[in-house]
Amino acid sequence: MDFNAVTRRFKEELVRVEESIRKNYESDVPLIPGISSYLMSGGGKRVRPLLTLISSNLCGREADDLVVKHGCVIEYIHSATLLHDDVVDETTIRRGNETVNSKWGSDASILVGDFLISRAILMLAEDCNPRIIRAIAEATKILVEGGILEYTHARKLEISKKHCLDVIYRKTASIISVSCQMGALLADASEEQEQALVSFGNDFGMAFQLVDDAMDYDGDEDLLGKPPGTDFKEGHVTFPLLHLYQNSDRAMQNKIESFIQDENVSQKDFEFILDNLRETKSVEYTLNLAREYLDRAKNTLRQGSFQSPEYVDYLIAIADHTVDRYTAAKTCS
Ligand code: FPP
Ligand code: MG
């Protein structure tokens, strides 16, 4: 099954998610709907809401209005993190469009992000399900910790792979995991089913970010929606660069250290690093690790016992697509 089959099957539910997204950012402060509309029509695939919709179905609850609303809550929190992240990273292009901070300024980007988070909290308060509120609050806290850890360790190479994976877990896997968990909680699933979905989401989230990090070095600009080399130029030490650093001699390590300190690193510098990454197979190493996480994610789901197991294939199709959309053309030895 491919990703298009998933969006075809959930077409009607996704339309309702879009309606909820549009309806809930209404405000008499014109900047809020203006920026939210720009942001929300910028080409996101709604992966996180889809995970909630499908997980709920998997555990026996159809995607009724409450499930759709929680898909919207997750998308609001995710969008807020991107609005804030683009300010921190001073990013100008996302999903092929100018970022909100570049178009309207950092203040607007931060404040509209704050609005989306408050709106999400208000929507959660309408139903007052303490388990759902706790799960989302916990995931958001972990996500913010990830953002802060990444920021405080920017331009530092004396980090371990374990640290790198911890940041990935916090900043990306936590919200993907809670998107799945929410489906289980809404469907009043068993503890085992909930844990299987949490575990699937964590492993899938790890794979998702590792692929993103690999493709930021060796990906296609059209697919990425931004030029490759963004992490390197922003001074983020992600998995591929760390692998190269740890497998280089002292002279090369010195070069990497000076590039990563340099706020005006050039395209030529990036290409030099890319050539070296290819020699040490650092991109392949990162992609292979992503595939290990992906396999584990899929096995967890296949071994689970669910009310409507036919939905397992939809979750697996989303996970596969996220990794394969970039890597199909690349060989992973
Ligand atoms: C994207 O990573 C960044 C994140 C997923 C989260 C970062 C978290 C914050 C900035 C905290 C904000 C939190 C809230 C709740 C508002 P990336 O920079 O590797 O990915 P990118 O290439 O898509 O920017
Ligand atoms: Mg960023």
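Residues numbered from 1 in each chain as written. Chains lettered and ligands numbered in written order. Predicted model: local features only at pLDDT ≥ 70, side-chain atom pairs only at ≥ 80, totals over all residues. Heavy atoms only, no water.

*Asks:* Tell me about the site of ligand 1, residues and numbers included.
*Replies:* For ligand 1, the set of nearby residues contains 14 residues, the closest of which are His84, Asp85, Arg94, Lys171 and Lys226. Surface burial for ligand 1 is 87%, taken as the share of its 630 Å² of free accessible area covered by protein chains. Judged by the proximity of its atoms to the pocket grid, ligand 1 belongs to the largest pocket. Contributions of two or more residues to the shell around ligand 1 are made by α5 (65-89) and α8 (130-152). The element that contributes the greatest number of residues to the shell around ligand 1 is α5, accounting for 5 residues. Within the shell around ligand 1, the residues separate by chemical class into 4 nonpolar, 5 polar and 5 charged. (Near = heavy atom within 4 Å. Areas by Shrake-Rupley, 256 points an atom, 1.4 Å probe, with all protein chains shown as cover. 1 Å grid on protein atoms, 1.4 Å probe; cavity = no way out; pocket = protein on both sides within 12 Å on 5 of 7 lines; lining within 4 Å. Sits in = over half its atoms within 2 Å of the grid points. Helix = DSSP H or I, 4+ residues; strand = E, 2+ residues; numbered from the N terminus. Nonpolar A, V, L, I, M, F, W, Y, C, P; charged D, E, K, R; others polar.)

*Asks:* A description of the coordination of the magnesium ion (ligand 2) should follow, citing residues and the corresponding values.
*Replies:* Coordination of the magnesium ion (ligand 2) by the protein involves Asp85 (OD) and Asp89 (OD), with metal-donor separations of 2.1 Å. Taken together, the positions of Asp85 and Asp89, both in helix α5 and 4 residues apart, correspond to about one turn of that helix. (Donors = N, O, S within 2.8 Å, 3.2 Å for Na, K, Ca; no water.)

*Asks:* Could you give an account of helix α9 (residues 161-186), naming the residues involved and the relevant values?
*Replies:* With 26 residues, α9 should cover 38 Å at 1.5 Å per step; its first-to-last C-alpha distance of 36 Å lies within 8% of that length. Remark: the principal bend of α9, roughly 50 degrees, maps to Ala173. The buried count for α9 comes to 20 of 26 residues, which makes it a mostly enclosed element. Looking one or two places after α9, you find Asp188, whose phi comes out positive at around 55 degrees. (Expected span 1.5 Å × (residues − 1). Bend = angle between axes of the 7 residues up to and from the residue. Buried < 20%, exposed > 50% of the residue type's maximum accessible area, 1.4 Å probe, protein only.)

*Asks:* Explain the side chain of Thr286 residue by residue, including any values.
*Replies:* Position of Thr286 among the secondary structure elements: in helix α16 (residues 282-303). Sequence-distant contacts of Thr286, that is, excluding residues within four places in its chain, are made with Leu210, Ala214, Phe239 and Pro240. (Contact = heavy atoms within 4.5 Å.)

*Asks:* Give me the pattern of salt bridges: which residues, what numbers.
*Replies:* Counted under the stated rule, the structure contains 22 salt bridges. Between Arg94 and Asp85 there is a salt bridge, with its nearest N and O atoms 3.5 Å apart. We classify Asp85 as partly exposed; its relative accessible area is 26%. A salt bridge links Lys141 to Glu138; the shortest N-O distance between them is 3.8 Å. One end of the pair, Lys141, and the other, Glu138, are both in helix α8, 3 residues apart, so they sit about a helical turn from each other. The network of salt bridges with shared partners includes Glu138, Lys141, Glu145, Asp166 and Arg170. (Salt bridge = Lys/Arg side-chain N within 4 Å of Asp/Glu carboxyl O.)

*Asks:* Please give an account of a nonpolar patch on the surface that cites residues and values.
*Replies:* On the surface, Val29, Leu31 and Trp104 cluster together to form a nonpolar patch covering roughly 260 Å² of accessible area. With respect to the secondary-structure elements, Val29 resides in the loop between α2 (11-24) and α3 (31-40). By relative accessible area, which is 43% here, Val29 ends up partly exposed. (Patch = residues over 30% accessible without salt bridge, like charges linked within 9 Å, V, L, I, M, F, W, Y side chains within 5 Å.)

*Asks:* I'd like a rundown of the layout of surface pockets, residues and numbers included.
*Replies:* For the largest pocket, the calculated volume is near 1400 Å³. In terms of lining, the largest pocket is formed by 50 residues, of which the most central are His78, Leu82, Asp85, Arg94 and Asp212. With 10 residues, the single largest contributor to the lining of the largest pocket is α5. Residues that form the lining of the largest pocket fall into these classes: 15 nonpolar, 18 polar and 17 charged. Of the voids in this model, the second largest pocket is the one considered here, and its volume is about 300 Å³. Considering the residues around the second largest pocket, the lining is formed by Val88, Asp89, Glu90, Tyr151, Ala154, Arg155, Lys233, Glu234, His236 and Glu263. Elements with a minimum of two residues in the lining of the second largest pocket: α5 and α12 (230-234). (Points joined across faces, edges and corners; volume = space filled by probe spheres on them.)

*Asks:* Account for the packing of helix α13 (residues 239-246) against α16, naming residues and giving values.
*Replies:* Two numbers describe how α13 lies on α16: the axes approach to 8 Å, and their chain directions differ by 125 degrees. Relative to α16, the element α13 lies oblique. As for how α13 packs across α16, the hand of that crossing is right-handed. Every residue of α16 that contacts α13 at Phe239, Pro240, His243 and Leu244 is listed here: Ser282, Tyr285, Thr286 and Leu289. (Axes fitted to C-alpha atoms, helices over the stretch in contact; angles between N-to-C directions. Parallel < 35°, antiparallel > 145°, perpendicular 65-115°, else oblique. Left-handed = near helix turned anticlockwise from the far one by under 90°.)

*Asks:* Before we move on, can you summarise α5 with the specific residues and values?
*Replies:* In an α-helix, one turn spans 3.6 residues; hence positions three or four apart end up facing the same way. Under the 1.5 Å per step criterion, the end-to-end length of α5 is 36 Å for 25 residues, consistent within 8% with the ideal 36 Å. For α5, the tally of buried residues reaches 19 of 25 residues, placing the bulk of the element in the interior.

*Asks:* Any details on unusual backbone geometry? Residues and values, ideally.
*Replies:* Even without glycine at this site, Glu90 takes up a positive phi of about 55 degrees. Secondary-structure assignment places Glu90 in the loop between α5 and β1 (93-94). With a relative accessible area of 66%, Glu90 lands in the exposed category. With a phi angle near 50 degrees, Cys128 is a residue other than glycine that sits in the positive phi range. Tracing the sequence through the fold places Cys128 in the loop between α7 (106-127) and α8. Of the residues examined, Cys128 reaches a relative accessible area of 54% and is grouped as exposed.

The analysis is restricted to geometry; functional conclusions fall outside its scope.
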